[in-house]
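So the chains spell out like this:
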Amino acid sequence: MREEQEGEDNPASDRPETVVHVIPQEGSSTMVVSSHSLWLKYVSLGVLVLQTTSLVLTMRYSRTLKEDGPRYLASSAVVSAEMLKILVCTLLVFKENSFSVRAINQQLKEEIVSKPLGTLKLAIPAGIYTLQNNLLYVALSNLDAATYQVTYQLKILTTALFSVSMLGRRLGSHQWLSLLLLMAGVALVQWPTESEANSEQKVLSAGVQFVGLMAVLIACISSGFAGVYFEKILKETKQSVWVRNIQLGTGRVGHSSGHQICRQHPQRICYVSVYYHVHDDFIFPTEGFQPY
C-alpha cells in the first residue's frame with residue numbers, strides 16, 4: 001500500500017523530461033560535412049565572380065579590338081557556347097547513368113524524342129535566351145565594361161517581378177528596399193559626366209550609349225522572364241535538370257544557327273521568302289530574277 005501511495009503521489013507524467021543535446025565533437029562526421037559545405041559555397045561564389053568578370057572583359061575586348069579583317073559574328077559565339085553547354089550536360093547525364101551508353105540513350109530518347117510537347121515548351125525560353133545573348137554583344141560593343149556590368153544587374157529586379165507575378169512569391173520589405181537601392185545605383189551610373197569633347201562627339205557618344213543601354217534593358221527583361229519560365233517548367237515536371245538544359249541548349253543552337261544563316265546569306269533568304277509567291281498550292285519563281 002505504501003508503494004502504491006508513493007506511486008500515486010509522484011506519477012511519471014509529472015517528472016521533467018530530460019532533453020539530450022548532441023554537440024558535434026571536433027573531427028566528427030557532422031562537423032566535417034558542415035565545413036565542407038561552407039567551403040564549397042565560398043569556392044562556388046569565387047568561381048562565379050571570376051567567371052562573370054572575365055567573361056565581360058573578354059567580350060568587351062573582343063568586340064572593340066581594332067583589326068583589319070571582319071569581326072566575328074555574335075551568333076557564331078553564341079552557337080559555340082551552347083554546343084559546349086550541351087556537351088557538358090551530356091557528360092553529367094552520362095555520369096548519372098553510371099557511364100552506361102545504353103542507359104543514356106534510353107533516357108534521352110524517352111525524355112526528348114518521345115516527348116515533343118515538352119521539348120516544344122522550351123522553344124520559348126530558348127528563343128528568348130538567344131535574343132538575350134546576342135543583345136549582350138550589342139551592349140558590350142556600345143558600353144564600357146563597368147557600366148554594362150552594373151546596368152545588367154537590373155536582371156535581379158526583373159527576375160523578382162516575374163517571380164511575384166508568375167510564381168506567386170512574396171518579397172519582404174528588406175528585399176524591396178534592396179531592389180530600390182539597386183535601381184538607384186544603376187541610375188547613378190548612367191548619370192552624365194562633364195567632358196571637354198565637342199558637341200558632335202557628345203551626340204555620337206550619347207547615341208552609342210543609348211543603343212547599348214536599350215540592349216541591356218531588353219536583355220534584363222528577357223533574362224528575368226526566361227529564367228522564371230524555365231523554373232516554372234522545372235517545378236511542373238520531374239525530369240533531370242541536365243536533360244532540360246540539353247533540350248534548352250538544342251533550341252538555342254537552332255535559333256542561333258537560323259540567325260547566323262540569315263546574316264551570312266540574306267540574298268538567298270530574300271530569294272526564297274520574297275521573290276517566290278504561292279498560288280493554288282504551287283510555288284512559282286518570279287521571272288527574270290537573278291539571286292546570285
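All of these numbers come straight from a predicted model, not from anything done at the bench.

K.L.:
Sorry, what's going on with the overall build of the protein chain here?
P.N.:
Secondary structure assignment for the protein chain yields twelve helices and two strands. Traced from its N-terminal end to its C-terminal end, the protein chain shows the element sequence α-α-α-α-α-α-α-α-α-α-α-α-β-β. In the protein chain, the proportion of contacts linking residues at least 24 apart, taken out of those at least 6 apart, comes to 75%. In the form shown here, the protein chain has an accessible surface area of approximately 20900 Å², with 63% of it arising from carbon and sulfur atoms.

K.L.:
Help me understand the packing of helix α8 (residues 155-166) against helix α9 (residues 173-189), please; the structure alone is not making it clear to me.
P.N.:
The angle between the axes and the distance between the axes are what describe a pair of packed helices. Taken N-terminus to C-terminus, the directions of α8 and α9 make an angle of 145 degrees; their axes are 10 Å apart at the nearest point. The handedness of the crossing between α8 and α9 is left-handed. Note on element contacts: α9 touches α8 through Trp176, Leu179, Leu182 and Met183, opposite Ile156, Leu157, Ala160, Leu161 and Val164. Across the contact of α8 with α9, the residue classes tally to nine nonpolar, no polar and no charged.

K.L.:
Sorry, what's going on with unusual backbone geometry here?
P.N.:
Trans peptide bonds make up the majority, and among non-glycine residues the majority have a negative phi. Phi angles above zero are rare outside glycine, and Ser98 is one such case at about 60 degrees. By secondary structure assignment, the location of Ser98 is in the loop between α3 (74-96) and α4 (101-113). The backbone of Phe99 shows a phi angle near 60 degrees, a positive value even though the residue is not glycine. For Phe99, the location among the structural elements is in the loop between α3 and α4.

K.L.:
Please clarify how the environment of Thr64 should be interpreted in this entry.
P.N.:
Here Thr64 shows up in helix α2 (residues 29-64). Each C-alpha atom of the pair Thr64 and Ser141 lies 6.3 Å from the other, and the pair is 77 residues apart in sequence.

K.L.:
What is the right way to look at the layout of surface pockets in this model?
P.N.:
In this approach, a probe sized like a water molecule rolls over the atoms, and the result shows the empty space that is left. Its boundaries defined by the atoms lining it, the largest pocket holds a volume of some 1200 Å³. Lining the largest pocket we find 34 residues, and of these Gln51, Leu55, Lys85, Gln132 and Lys155 sit closest to its centre. Every element with two or more residues in the lining of the largest pocket is listed here: α2, α3, α6 (123-142), α7 (145-151), α8, α10 (199-236) and α11 (241-264). A total of nine residues in the lining of the largest pocket trace back to one element, the largest contributor, which is α2. Residues of the lining of the largest pocket, tallied by class, amount to 18 nonpolar, twelve polar and four charged.

K.L.:
Sorry, what's going on with the packing of α3 against α6 here?
P.N.:
Interhelical geometry of α3 versus α6 gives an angle of 130 degrees and a closest axis separation of 9 Å. In terms of their interaxial angle, α3 and α6 are classed as oblique. Along this stretch, α3 crosses α6, giving a crossing that reads as right-handed. Taking contact as the criterion, the partners of Ala74, Ser75, Ala77, Val78 and Glu82 in α3 are, on α6, Asn133, Asn134 and Tyr137. Here the residues of the contact of α3 with α6 are counted per class, giving four nonpolar, three polar and one charged.

K.L.:
Can you help me understand the packing of aromatic side chains in this one?
P.N.:
One pair of aromatic rings is described through two measures. These are the centre distance and the angle between the planes. What the rule picks out here adds up to four aromatic pairs. Between Tyr148 and Tyr152 the ring centres are 5.6 Å apart and the planes differ by 10 degrees, which places this aromatic pair in the stacked class. We classify Tyr148 as buried; its relative accessible area is 4%. Owing to a relative accessible area of 8%, Tyr152 belongs among the buried residues under this scheme. Geometrically, the ring pair formed by Phe225 and Tyr229 is stacked, given 5.9 Å between the ring centres and 25 degrees between the ring planes. Of the two residues, Phe225 and Tyr229 are both situated in helix α10; the distance of four residues between them amounts to about one turn of the helix. Since its relative accessible area comes to 18%, Tyr229 is described here as buried.

K.L.:
Can you walk me through a nonpolar patch on the surface in this structure?
P.N.:
On the surface, Leu38, Tyr42, Leu45 and Val49 cluster together into a nonpolar patch covering about 430 Å² of accessible area. By secondary structure assignment, the location of Leu45 is in helix α2. Residue classification places Leu45 among the partly exposed positions, given a relative accessible area of 49%.

K.L.:
Quick question: what am I supposed to make of the confidence of the model for the protein chain here?
P.N.:
Caution applies to low-pLDDT regions: their predicted coordinates should not be interpreted in detail. Per-residue confidence for the protein chain averages 75 on the pLDDT scale, and 72% of its residues sit at or above 70. Confidence, expressed as mean pLDDT per element, reaches its minimum in the protein chain at strand β2 (residues 282-285) with 38 and its maximum at α8 with 92. For residues 1-8, every residue scores under 50 in pLDDT, and the model assigns this stretch zero contacts once sequence neighbours within four places are set aside. Ignoring residues within four places in sequence, the model shows residues 268-292, a span with pLDDT below 50, making 22 contacts including any to other chains.

K.L.:
How should the pattern of salt bridges be read in this particular structure?
P.N.:
Opposite charge on two side chains allows them to pair when their charged atoms are near. Under the definition given, this model contains four salt bridges. As a salt-bridge pair, Lys85 and Glu82 come within 3.6 Å of each other at their nearest N and O atoms. On the criterion of helical spacing, the pair formed by Lys85 and Glu82 is a turn pair, its members being three residues apart in helix α3. A relative accessible area of 43% places Lys85 in the partly exposed class. Residue class for Glu82 comes out buried when judged on its relative accessible area of 1%. Here the salt bridges share partners, and the residues they tie into one network are Arg169, Glu231 and Lys235.

Reading the values: the criteria
Residues numbered from 1 in each chain as written. Predicted model: local features only at pLDDT ≥ 70, side-chain atom pairs only at ≥ 80, totals over all residues. Heavy atoms only, no water. Helix = DSSP H or I, 4+ residues; strand = E, 2+ residues; numbered from the N terminus. Contact = heavy atoms within 4.5 Å. Areas by Shrake-Rupley, 256 points an atom, 1.4 Å probe, with all protein chains shown as cover. Axes fitted to C-alpha atoms, helices over the stretch in contact; angles between N-to-C directions. Left-handed = near helix turned anticlockwise from the far one by under 90°. Nonpolar A, V, L, I, M, F, W, Y, C, P; charged D, E, K, R; others polar. 1 Å grid on protein atoms, 1.4 Å probe; cavity = no way out; pocket = protein on both sides within 12 Å on 5 of 7 lines; lining within 4 Å. Points joined across faces, edges and corners; volume = space filled by probe spheres on them. Parallel < 35°, antiparallel > 145°, perpendicular 65-115°, else oblique. Phe/Tyr/Trp six-rings, centres within 6.5 Å; stacked < 30°, edge-to-face > 60°. Buried < 20%, exposed > 50% of the residue type's maximum accessible area, 1.4 Å probe, protein only. Patch = residues over 30% accessible without salt bridge, like charges linked within 9 Å, V, L, I, M, F, W, Y side chains within 5 Å. Salt bridge = Lys/Arg side-chain N within 4 Å of Asp/Glu carboxyl O. pLDDT = per-residue confidence, 0-100.

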